[in-house]
Amino acid sequence: MNNVNNGWRRGKTAHKCNVFPAVWAAIYGCKGEKSTTWRYTVGSFGRRVPEYACETCRAAKDKTDAAIGVEYQRLLREAQDAAGVADYRTARVRLVNGVPMLITAG
């Protein structure tokens, strides 16, 4: 069975995008928009928690969910390189009006 929507559902109440941590949201270009698109994911202690996704984050999440192994690593490296980030672990991020922004040295 090919699930075209990858488990994403449409709700009635819009919530802020919470798919990625701030650094990855900034790398992918998330604008912190509210969305009604959601799905359950595994949270702390194996509990189901809803994750809400703007269109940008949903596309990035669907692309990386479909990849495994070396392909997954390549996609993450390409996203970092496109954003000009050498290593996501040392990248600095600041929230500006709720939108994650990468802080560049300069």
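The paragraphs below set out a description of the structure included in this document.

The rules behind each value
Residues numbered from 1 in each chain as written. Predicted model: local features only at pLDDT ≥ 70, side-chain atom pairs only at ≥ 80, totals over all residues. Heavy atoms only, no water. 1 Å grid on protein atoms, 1.4 Å probe; cavity = no way out; pocket = protein on both sides within 12 Å on 5 of 7 lines; lining within 4 Å. Points joined across faces, edges and corners; volume = space filled by probe spheres on them. Nonpolar A, V, L, I, M, F, W, Y, C, P; charged D, E, K, R; others polar. Helix = DSSP H or I, 4+ residues; strand = E, 2+ residues; numbered from the N terminus. Contact = heavy atoms within 4.5 Å. Salt bridge = Lys/Arg side-chain N within 4 Å of Asp/Glu carboxyl O. Buried < 20%, exposed > 50% of the residue type's maximum accessible area, 1.4 Å probe, protein only.

### Looking at the layout of surface pockets
A volume near 160 Å³ is recorded for the largest pocket. Looking at the largest pocket, the residues that line it are Ala83, Gly84, Val85, Ala86, Asp87, Thr90, Ala91, Arg92, Leu102, Ile103 and Thr104. Considered class by class, the residues forming the lining of the largest pocket number 6 nonpolar, 3 polar and 2 charged.

### A few points about the environment of tryptophan 24
Its location among the elements puts tryptophan 24 in helix H1 (residues 22-28). Taking the C-alpha atoms as reference points, tryptophan 24 and glutamine 80, separated by 56 residues in sequence, lie 8.7 Å from one another. Not counting chain neighbours up to four residues away, the residues in contact with tryptophan 24 comprise Leu76, Ala79, Gln80 and Tyr88.

### A look at the pattern of salt bridges
In this structure the tally under the stated criterion is 9 salt bridges. Here arginine 10 makes a salt bridge to glutamate 55, at a shortest N to O gap of 4.0 Å. Of the two residues, arginine 10 is situated in strand E1 (residues 9-16) and glutamate 55 in helix H2 (residues 55-65); the sequence distance between them amounts to 45 residues. Residue class for arginine 10 comes out exposed when judged on its relative accessible area of 58%. Glutamate 55 gets classed as partly exposed once you look at its relative accessible area, which sits at 49%. Linked through salt bridges whose partners overlap, the residues forming this network are Arg39, Glu51, Lys61 and Asp65.

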